[in-house]
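Read off the chains here:
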Amino acid sequence: MNERVAVVGVGWSGFRPVSPDLSYKEMMYAAAVRAYQDAGVDPRRDVQSFITVAEDFHEGTSIFDEYTPDQLGAVLKPMHTISGDGLHGLATGYMLIQTGQFSLVAIEGHSKASNILTLPQITAYAQDPVVNRPLGLNSDFIAGLEMNRYLYESGATLEQCASVVVKNRGNALRNPSAPYGADLEIGEALGGPRLAWPLNQRQAAVHADGAIVMVLASEQVARSLTAQPVWVLGVGWCNDSYALEYRNWSQAVYAREAARLAYRQAGIRHPTQAIDFAEVDDTYAYKELQSLEALGLFRSGEAGPATEQLATAADGELPVNVSGGSLGMGNLLDATGLGRALEVVLQLRGQAGARQLNNVSTGLAQSWRGVPTASGAVAVFSN
Amino acid sequence: MSESSQNLPGTPLSEKDFQDGLILHSYDEMQARYAWDTGTAIGSYLAALKEGFLLGGRCSTCRRTVIPPRVVCEWCFRPMDEYVPLQDTGTVNTYSLCYVTWDVQRIREPEIPAVIEIDGASPLHGILHKLGEVDPQQVRIGMRVRAVWKEPAERQGAITDILYFKPIEEA
Amino acid sequence: MAMRKVAVVGAGMTRFVRRAQETARELTWQATHQALDSCGLTLDDVEAVCMGTAPDAFDGVHMKGEYLSDGAGAWRKPYMRSYVGGGTGVFVPIQGWYHVASGMFDVCLVVAEEKMSSFYPHAQAAFLTIFDHTTERPLKPNLLWIFALEMNRYMQTYGISKADIARVAVKNKRNAADHPSALLGDKNITVEDVLNSEVLAWPVNRLDVSPVTDGAVALVLAAEHVAQRITDKPVWIEGVGWSLDTAYWTNRDLAYPRYVEQAARMAYDMAGIREPRKEINIVEPYDPFDYKELHHLEGLLLADRGQAPQLLADGVTERTGNMPVCPSGGLLGVGNPIAAAGLMKIAELFWQLRGEAGARQVPGQPKRGLAQAWGDLMQVGTVVIMGR
């Protein structure tokens, strides 16, 4: 109990707009076999508990938990599903190890968004069935409402939101796993089809398919497995009100509270000093600005100007979403947070190739479960 | 917990309450459609069904022959890339006589779902399917059965390319 | 190894009804509210919330866990939903256990809710989608199939009769007559009644099955130092276990639930139990169908394979017997709102071990109880051992 927890293995398959050659099981296996190889473990012999994050309606199967053990090496082992984001899964793995009963745990998340023919309708089914859904609105309207209020209260501008798109999709060009790299001008990021004004389509991350597996270990086991454990300093997660009618429409309170929990565990009093780089939610471009402020990395109203001034560029003071974020890597549904964590781990290990940041020792990953939720998680890592 | 039922929350309604228009409710129908990538293993299984045979997979580590095929052996966590054509006969491992459809309609003639251990696969390795051309009261665990296939032109590469399994006549 | 001790300090539940007027969120709130009231706590005392609820398809709400969060008291709190099919009701307290045992939280709410009645025409139809979308769903399988197939295999393998099995339904429905939340309590039901009830999917008859139900249950879990302040009768979580078998259920022998054994062994090890048949005083195994109680007793190593019916016949599993099984009335008697049903069993043990089970009280001051749930495609075993 209270031994430290480390990431000792990561593996992924993807990320791409379609993946017709792989069933979801085959995709999960491809990520798992790489993660176990990276960790140097045999899941049948060594991994003691498994966690998968998934939602039935993303899979088109009820009790999707049924279909998870075989391709992860988890048969007849303690395995469970968390209906949450990958970082919720990571936090769960962290808690399991901290109970002292488990020392090696695997976490998996994936997206087969390309297989969901009616994804907007399904997302709309997450809205309250009695008071919201009958309005018949595409769920992006919720992001549009929030973006509008956020801009109003923070003073952030449309151009600043667009600069998030330019930065992240530009970063994605240097990420061989990211499908949506592009060299855009601000005008291009501002243009294109509307979505839910002030949101336009180019500010919303397009979905991608892929799977990610991470292996966590207790300190003692981690040290026996690798010379490069990536420590999980703290995890946090929070739900703000589900009901749209009770929302705070400008702040990402769930992110603020999740971060507070994570920072407390990590012993971080001044995030701006402690965090060297961050992978944060950019499901919609404004979310990156809003999340950065909620995480205490920028004061209210300052994330926009800072982004415009390139403070969060790969060579800036606080690189944000060097991986490309969801805008560049694709919206990976429930695996999104693992996508953010993956980049943090690779950076801290010095394995980020052309994207490698110099002299980074502490990174933060943050995710949001998407509209219509007010639910998200945070994890802080160091090398 | 020694309270009486009266004190507990939870208000029961009846179907009649709905029929009498006493309950305010809203009605909706979900649009949930998917196109699942079948991948290599199941894709091969379906292609074999279209050709008129059952395909299994073999793990050279634990030496099991399984059906349907899969890319990884769930016991050994070793890749499974050996495909093995199996026979379309088998043995009933268990069965039921079901008088209710999936959407809760009563039927007179029962559907007969069964787990059929397929010849050529390892023991206890079978598939879910239905039995047909058999008197429900005659079905037994251990019964030998054979697949009845759709005409080649009608097959789609689906589990329903097999219409059902029927008893093998005694020689 | 020294583990942070976790106790259940409060519990509450709604009535289990066929169709509740309350919405899913209202049911959730009612149970949560009751649980907090039962130990004099408020939401301010709660540090984290765990939710267990089974298929979103019943409610027609995607990300159902999010939808229920407000009702579960999760406003601005760490909240997560775990989901292992029918096993969820006994898994969610395990989820609560690791929240507290990890040292991250001292007080955790554990909530389970199910509102199956929203699904039209009948919740059972929603179960079509639990089957493999490519290799099984085109056959239009029915939830009854998989239970009937397993029941038949179990009966055939060990030579067990329907009458042997029907005794479970009789015991549990009679026990349930003493449960204030029960939907199907019946003091007078007989084996003949069960055997004469309509054949749904031979060998399953109507009265062998628990019904579609709405309901919610909630518990409060606390770390040792806090538990002692809240109540002088904390019920400790002594062992937890869970195990998930292969999805390829047609590649297995259904006569024995080995995943239940795996989960049980894990829990027994953690609780330091060497002779479960002697050391467990009350058992609440999952009984969505009557044969399942027997099947699970064997998987829990509390009866030899094929021998559970003998325990029943000998009266061992009555409330006054040596090893009372489902003194609550189980799912067959109280009802089966999937996830809430499993948590109901944990709540039952909580009340039983504190001597607060009223007319259902097992005599002799039971010290230790085991609750177990099952789920997925005959795959998941979840076990919790509790003790005073």
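Residues numbered from 1 in each chain as written. Chains lettered and ligands numbered in written order. Predicted model: local features only at pLDDT ≥ 70, side-chain atom pairs only at ≥ 80, totals over all residues. Heavy atoms only, no water.

Visitor: Any chance you could break down the sheet that holds strand β3 (residues 82-86) of chain B for me, citing the residues and the numbers?
Guide: Residue and element names in this part refer to chain B. Ordered by their spatial adjacency, three strands build an open sheet running β2-β1-β3, and the pairing between neighbours is antiparallel. Of all strands in the sheet, those with a lone pairing partner are β2 (64-66) and β3, marking the two edges. Averaged over all adjacent pairs, the angle separating strand axes in this sheet is 35°, with direction ignored. Bridge analysis of strand β1 (residues 54-59) against β2 gives three bridges, and the strand direction is antiparallel. Bridging across to β2, arginine 58 finds its partner in threonine 65. (Pairing = 2+ DSSP bridges. Helix = DSSP H or I, 4+ residues; strand = E, 2+ residues; numbered from the N terminus. Axes fitted to C-alpha atoms, helices over the stretch in contact; angles between N-to-C directions.)

Visitor: Describe the nonpolar core, naming the residues involved and giving the relevant values.
Guide: Membership of the largest hydrophobic core comes to 249 residues, with the highest contact counts inside it found for Tyr36, Met214 and Phe381 of chain A together with Leu54, Leu131 and Phe165 of chain B. Dropping the residues within four chain positions of it, methionine 214 of chain A is found in contact with Val7, Gly9, Val10, Leu90, Val105, Ala106, Ile107, Leu338, Ala341, Leu342 and Val345 of chain A. With 52 residues, the next largest nonpolar core counts Ala162, Ala204, Ala205 and Trp368 of chain A among its residues. (Core = buried A, V, L, I, M, F, W, Y, C linked by side-chain atoms within 4.5 Å. Buried < 20%, exposed > 50% of the residue type's maximum accessible area, 1.4 Å probe, protein only. Contact = heavy atoms within 4.5 Å.)

Visitor: Can you break down the pairing of strand β5 (residues 97-100) of chain B residue by residue, with the values?
Guide: In this sheet, strand β5 (residues 199-202) of chain C lies alongside β5 of chain B in antiparallel orientation, the contact comprising two bridges. Bridge pairing in β5 of chain C places leucine 97 of chain B opposite tryptophan 202 of chain C. Strand direction decides the pairing type here: β5 of chain B and strand β6 (residues 106-111) of chain B, joined by two bridges, are antiparallel. Looking across to β6 of chain B, one finds that cysteine 98 of chain B is bridged to glutamate 111 of chain B.

Visitor: If you had to explain the interface of chain A and chain C to someone new, which residues and values would you point to?
Guide: One frequent convention defines the size of an interface as the accessible area lost when the parts assemble. Taken together, the contact pairs 66 residues of chain A with 59 residues of chain C. Between chain A and chain C, a total of about 5300 Å² is buried, with carbon and sulfur atoms accounting for 59% of that surface. At the junction of chain A with chain C, the criterion picks out three salt bridges. The shortest N-O distance in the salt bridge between aspartate 128 of chain A and arginine 25 of chain C comes to 2.8 Å. Inspection of the chain A/chain C interface yields 31 residue pairs in polar contact (both at pLDDT 80 or more). Residue assignment for the side of chain A that touches chain C shows that the elements contributing at least two residues are α1 (24-39), α2 (56-59), β3 (79-82), α3 (86-98), α4 (119-124), β8 (230-239) and α9 (253-266) of chain A. (Buried area = accessible area lost by both parts, 1.4 Å probe. Salt bridge = Lys/Arg side-chain N within 4 Å of Asp/Glu carboxyl O. Polar contact = N/O pair within 3.5 Å; in protein donor to acceptor, adjacent residues only side chain to side chain.)

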